[in-house]
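Structural characterization, general
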Amino acid sequence: MFRTARGNRKRPGSFRIRGAAAAAAAGVFLVAGCSSGGDGPSEAAGGVPVVEKGKLTTCTHLPYPPFQFEKDGKVVGFDVALVDLVAGKLQVEQKVLDTPFENFKTGAFLNSGECDLAAAGMTITDERKKNVDFSVPYFDATQALLATKKSGVTSLADLKAKSKKLGAQAETTGESYAKAQGFDPVAFESSDAVINGLRTGQVDAVVIDYPVVQGWLKDPKNAAEFTLGQNIETGEQYGFSVKKGNTALLAAIDKAITEAKADGTYKKLYEQWIGPLPQTTP
């Protein structure tokens with residue numbers, strides 16, 4: 001069962017599973033279930049603990065292209081491909097669990113033993129570090145303003161001057177940034193709901209991660225309706241998170257990211273899912 005655009009509502013999670021061998025090409029297949037199942041807690045290669053035997057279970061929040069999204073019945077994207085590298089080194093398969101984004105702040109799904117790690121285009125912040133441990137940064141991110149063409153908005157200053165409505169995805173740094181600038185943004189539960197809010201006139205503009213905007217504007221229909229406004233440099237970096245104290249898995253994730261950057265795999269995946277690799281990216 002596939003998901004459509006959503007508004008401000010909660011939804012149950014569902015499992016998607018994929019093999020680790022095809023790191024960039026294959027996707028996460030949809031399967032039924034609401035818990036890890038299998039044979040229970042176990043260990044992967046190198047003695048790394050995992051919540052389910054033979055699996056590396058990843059909590060994410062769909063859709064969030066180009067980092068994780070459904071395509072032809074599979075879950076694919078930049079985050080998915082990077083975590084597949086970790087799973088491959090641990091000699092297990094990646095399983096992806098779709099979960100509400102607000103739980104990523106607290107690490108609830110990690111602490112309850114439902115997932116081994118969280119990967120959701122998630123910014124490393126001091127607040128989140130209180131509840132989870134982060135990997136080394138794997139992506140340098142910026143925010144962007146996307147507006148309807150009919151609004152005439154190209155900046156946050158325009159938005160205020162014209163008394164237009166601003167939106168953002170709930171519990172994200174984009175929402176936090178908008179609030180810090182004095183806005184009271186309409187909160188949407190997912191990135192699909194954000195763009196649907198633009199389409200249906202619930203808001204006139206949104207603040208969201210720039211790579212997401214890039215992906216949306218590749219669609220001719222979106223390019224005809226919306227315009228990219230100002231880029232917002234916030235100095236954000238994305239990281240994968242694990243339960244506090246899970247040093248073995250964190251070390252495995254850090255090693256996979258570091259090696260991928262050194263041997264060119266990171267560059268290849270970045271270009272496949274996002275675009276040209278910026279020269280400033282470490």
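Residues numbered from 1 in each chain as written. Predicted model: local features only at pLDDT ≥ 70, side-chain atom pairs only at ≥ 80, totals over all residues. Heavy atoms only, no water.

A closer look at the overall build of the protein chain
What counts, and what does not: In this description a helix means any DSSP run of H or I spanning at least four residues, a strand means any run of E spanning at least two, and both kinds are numbered starting from the N terminus. Burial status follows relative accessibility: with a 1.4 Å probe on protein chains alone, a residue under 20% of its type maximum counts as buried, one over 50% as exposed, and anything between as partly exposed. Here the accessible surface of atoms and residues is derived via Shrake-Rupley with a 1.4 Å probe, and residues count as covered only by protein chains that are part of the display.
Scanning the protein chain for helices and strands turns up 11 helices and 16 strands. Per-residue burial for the protein chain yields a buried fraction of 51% across its 282 residues. Of the accessible surface of the protein chain, which amounts to about 12100 Å², a share of 52% is contributed by carbon and sulfur atoms.

Comments concerning the nonpolar core
Selection rule: Remark: nonpolar core denotes a set of buried residues (Ala, Val, Leu, Ile, Met, Phe, Trp, Tyr, Cys) joined through side-chain atoms within 4.5 Å. Here, two residues are considered to be in contact whenever any of their heavy atoms come within 4.5 Å of each other.
Judged by nonpolar contacts, the single largest core of 51 residues is most densely connected at Leu-56, Phe-78, Leu-90, Phe-139 and Phe-240. Counting only elements with at least two residues in this core, the list comes to helix H1 (78-89), strand E11 (139-148), helix H7 (191-199), strand E14 (205-209), helix H8 (210-217), strand E15 (226-238), helix H10 (247-263) and helix H11 (265-273). Here Phe-240 is in contact with Asp-79, Leu-82, Val-83, Leu-117, Ala-118, Ala-119, Asp-133, Phe-134, Ser-135, Tyr-138, Ile-253 and Ile-257, once residues within four sequence places are set aside. Core analysis: the second largest hydrophobic core is formed by 12 residues, Leu-97, Phe-104, Ala-120 and Phe-134 among them.

Remarks on the confidence of the model for the protein chain
The condition that has to hold: Confidence of the prediction at every residue is given by pLDDT, a number between 0 and 100.
Of the residues in the protein chain, 84% have a pLDDT of 70 or more, and the chain-wide mean is 84. Strand E1 (residues 15-18) is the least confidently modelled element of the protein chain, averaging 36 in pLDDT, while H10 averages 98, the highest of any element. Predicted confidence for residues 1-37 stays below pLDDT 50, and this span has 110 contacts to residues more than four positions away or in other chains.

Digging into the environment of Ala-44
Inspection of the secondary structure puts Ala-44 in the loop between strand E3 (42-43) and strand E4 (49-50). In this structure, the C-alpha to C-alpha distance between Ala-44 and Val-92, residues 48 residues apart in sequence, is 6.7 Å.

Here's the deal with the packing of H1 against H10
The condition is simple: Angles here are taken between N-to-C directions and fall from 0 to 180 degrees, while the axes themselves are lines fitted to C-alpha atoms, restricted in helices to the stretch in contact. Throughout, the term roughly parallel applies to angles under 35 degrees, roughly antiparallel to angles over 145, roughly perpendicular to angles from 65 to 115, and oblique to all others. Crossing handedness is read from the near helix: turned anticlockwise from the far helix by less than a right angle, it gives a left-handed crossing, and turned clockwise, a right-handed one. Side-chain classes follow a simple rule in which Ala, Val, Leu, Ile, Met, Phe, Trp, Tyr, Cys and Pro form the nonpolar group, Asp, Glu, Lys and Arg form the charged group, and the remainder, Gly included, forms the polar group.
Their axes nearest at 9 Å, the elements H1 and H10 cross at an angle of 115 degrees. In terms of orientation, H1 lies roughly perpendicular with respect to H10. The way H1 lies across H10 gives a crossing that is right-handed. Each of Leu-85, Val-86 and Lys-89 in H1 lies in contact with H10, whose residues at this interface are Ala-252, Ile-253, Ala-256, Glu-259 and Ala-260. A class-by-class count of the residues in the contact of H1 with H10 yields 6 nonpolar, no polar and 2 charged.

Digging into the pattern of salt bridges
The cut-off we apply is this: Salt bridge, as used here, is a side-chain nitrogen of Lys or Arg placed within 4 Å of a carboxyl oxygen of Asp or Glu.
This model, assessed by the stated rule, comprises 8 salt bridges. Two residues, Glu-52 and Lys-95, come together in a salt bridge whose shortest N-O distance is 2.7 Å. One end of the pair, Glu-52, is in the loop between E4 and strand E5 (55-60); the other, Lys-95, is in strand E8 (residues 93-98), with 43 residues separating them in the sequence. Exposure remark for Glu-52: the relative accessible area of 5% places this residue in the buried category. Across the pair Glu-175 and Lys-179 runs a salt bridge whose closest N-O atoms are separated by 3.9 Å.

What about the pairing of E5?
Defined as follows: A pair of strands is considered paired only if DSSP assigns at least 2 bridges between the two.
Most of E5 is tucked away, with 6 of its 6 residues classed as buried. In terms of strand pairing, E5 meets strand E9 (residues 117-118) through 2 bridges, oriented parallel. Bridge assignment links Thr-58 to a residue of E9, and that residue is Leu-117.

A few points about the packing of H1 against H11
Here H1 crosses H11 at 155 degrees, and the two axes come no closer than 9 Å. Between H1 and H11, the crossing angle belongs to the class labelled roughly antiparallel. Crossing geometry of H1 relative to H11 is assigned as right-handed. Within the contact between the two elements, H1 uses Phe-78, Ala-81, Leu-82 and Leu-85 and H11 uses Thr-265, Tyr-266, Leu-269, Tyr-270 and Trp-273.

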